[in-house]
Amino acid sequence: MVKKTLVAAAAITLSTFALSSCGNGSEADSGSDSSGNDDGTITMGFAQVGAESGWRTANTKSIQETAEAEGIELKFNDAQGKQENQIQAIRSYIQQKVDVIAFSPVVETGFDAVLQEAKAAGIPVILTDRAVDVEDPSLYETFLGSDFVLEGERAGDWLVENAKDSDVNGDGTINVVQLEGTTGAAPAIDRAEGFASKISADDSIEVTASQTGEFTRDGGKQVMESFLQSDDSIDVVFAHNDDMGLGAIEAIEAAGLEPGKDIKIITIDAVKDGMTALADGKINFIVECNPLLGPQLMDLAKKVLDGEEVPERVVTDEGTFTQEQAIEALPQRQY
Ligand code: GYE
């Protein structure tokens, strides 16, 4: 897959790489450079999802800081959660003839056409954080990010292991409400799937309501308010990210209940605010999702541009946190 795209890319990008290995430009190249620069600097166009969560803020910072530290020229766009903005940004990177495009797709589907355009222009594409669902896997070089199904499974495993304590109402059933991420986004689809596959081991656990909170604090709060209004037997909240869990905490407290006790809360991400709530006993368990993808992304970009073979999938390493572990880890938490 990598090789094929690189052959297509060669015509356009070769002069840049020749320059980067010689260290300097030459007259022979003048006028024929079509890679967007002629000094060997790598230019990356990055199309970010938005700024919806603490995770996203940490992810953006990691990408920007690593690019700067490594002398990679970064063109950065914030799509504000809209796929059409993201497609527009990618098109503009193609027009600007950047050396490499990286992006974190807002949703999984609908990127085939623009990725074909990038391929036709000979610009390699690296997926970071989220997957796309495309017919032709040669439309991107590699996908760097978490295993979201595994994250959902870890959340489900914890609930199965802690089922007895999680039956807060003591009626023999554990009623779970789920705060989903953005509809159609890889982490929302996969985390729900992983969670469901694990809780099915215990008949007493039941997801009684599930709705998107758009991965935002406000969204989580609003959805939780409506769940609380229509159901007074909620035992557990499973939120697809910390921010929605933090919004749910506000709604639970406003309803006169104690988060972490009257209603158990499981979230994913482990950003500082989430870890603080976990250490304070307001969240019960967090599955980690690592946003610090900058170093691995820049490394992959360099390899792809140097014609090196890269794996089709690079999975980030992550763990889980209980309340005790959060208290211990919090002082060193960077984000
Ligand atoms: O969990 C959530 C963010 O795609 C892994 O997006 C990312 C998710 C993350 O908004 O907080």
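Residues numbered from 1 in each chain as written. Predicted model: local features only at pLDDT ≥ 70, side-chain atom pairs only at ≥ 80, totals over all residues. Heavy atoms only, no water.

**Q** Is there a simple way to think about the overall build of the protein chain in this case?
**A** Scanning the protein chain from terminus to terminus reveals 12 helices and 12 strands. Taken over 335 residues, the protein chain has a buried fraction of 53%. For the protein chain, the share of sequence-separated contacts (at least 6 apart) that also reach a separation of at least 24 residues comes to 73%. For the protein chain, the accessible surface area stands at approximately 14,100 Å², while carbon and sulfur atoms represent 46% of it. (Helix = DSSP H or I, 4+ residues; strand = E, 2+ residues; numbered from the N terminus. Buried < 20%, exposed > 50% of the residue type's maximum accessible area, 1.4 Å probe, protein only. Contact = heavy atoms within 4.5 Å. Areas by Shrake-Rupley, 256 points an atom, 1.4 Å probe, with all protein chains shown as cover.)

**Q** Would you mind going over the site of the ligand with me for this structure?
**A** The environment of the ligand is made up of 13 residues, and the closest members are Glu52, Asp129, Arg130, Asn241 and Asp269. Within the side chain of Asp129, a nitrogen or oxygen atom sits 2.8 Å from an oxygen atom of the ligand. Residue Arg191 places a side-chain N or O atom 2.9 Å away from an oxygen atom belonging to the ligand. Within the complex, the protein chains bury 100% of what would otherwise be the 300 Å² of accessible surface of the ligand. Those elements giving two or more residues to the shell around the ligand turn out to be α2 (54-69) and α7 (186-199). Residue composition of the shell around the ligand, by class: 5 nonpolar, 2 polar and 6 charged. Both of domain 1 (4-145 + 291-317) and domain 2 (148-288) provide at least three residues apiece to the shell around the ligand. (Near = heavy atom within 4 Å. Polar contact = N/O pair within 3.5 Å; in protein donor to acceptor, adjacent residues only side chain to side chain. Nonpolar A, V, L, I, M, F, W, Y, C, P; charged D, E, K, R; others polar. Domains from an automatic or database assignment.)

**Q** Please explain the sheet that holds strand β11 (residues 313-315) as it appears in this structure.
**A** Two pairing modes exist for strands in a sheet, parallel and antiparallel, and in both the strands are linked by backbone hydrogen bonds. Here we have 6 strands laid out as an open sheet, ordered β2-β1-β3-β4-β5-β11, and parallel in their pairing. Whereas interior strands pair on both sides, the edge strands pair on one side only; in this sheet they are β2 (73-78) and β11. Taking the axes of each pair of neighbouring strands and ignoring which way they run, one obtains an average angle of 20° across the sheet. For strand β1 (residues 43-48) and strand β3 (residues 100-103), the ladder comprises 4 bridges, and the chain directions are parallel. When the bridges of β3 are listed, Met44 appears paired with Val100. Lying over the sheet, α2 contacts β1 and β2, oriented at roughly 160° with respect to β2. (Pairing = 2+ DSSP bridges. Axes fitted to C-alpha atoms, helices over the stretch in contact; angles between N-to-C directions.)

**Q** Quick question: what am I supposed to make of the pattern of salt bridges here?
**A** A side chain of one charge can pair with a side chain of the opposite charge when the charged atoms of the two come close. Inspection of the entire model under this criterion finds 18 salt bridges. Its salt-bridge partner being Asp129, residue Arg130 comes within 3.8 Å of it at the nearest N-O pair. For the pair shown, Arg130 and Asp129 are each scored as buried. (Salt bridge = Lys/Arg side-chain N within 4 Å of Asp/Glu carboxyl O.)

**Q** What am I meant to see in unusual backbone geometry here?
**A** Note on backbone geometry: most residues besides glycine have negative phi, and most peptide bonds are trans. A positive phi angle is found at Glu214, which is not glycine, with a value near 60°. Its place among the elements puts Glu214 in the loop between β7 (205-212) and α8 (217-230). For Glu214, a relative accessible area of 41% corresponds to the partly exposed category. For Ala270, which is not a glycine, the phi torsion comes out positive at approximately 70°. By the secondary structure assignment, Ala270 is in the loop between β9 (264-269) and α10 (272-279).

**Q** Quick question: what am I supposed to make of the side chain of Thr316 here?
**A** Its location among the elements puts Thr316 in the loop between β11 and β12 (320-321). For Thr316, a relative accessible area of 7% corresponds to the buried category. In this structure the side chain of Thr316 is engaged in a polar contact, spanning 3.3 Å, whose partner is the backbone nitrogen of Ser146. Discounting residues that sit within four places of it in the chain, Thr316 has contacts with Leu144, Gly145, Ser146, Leu293 and Gln296.

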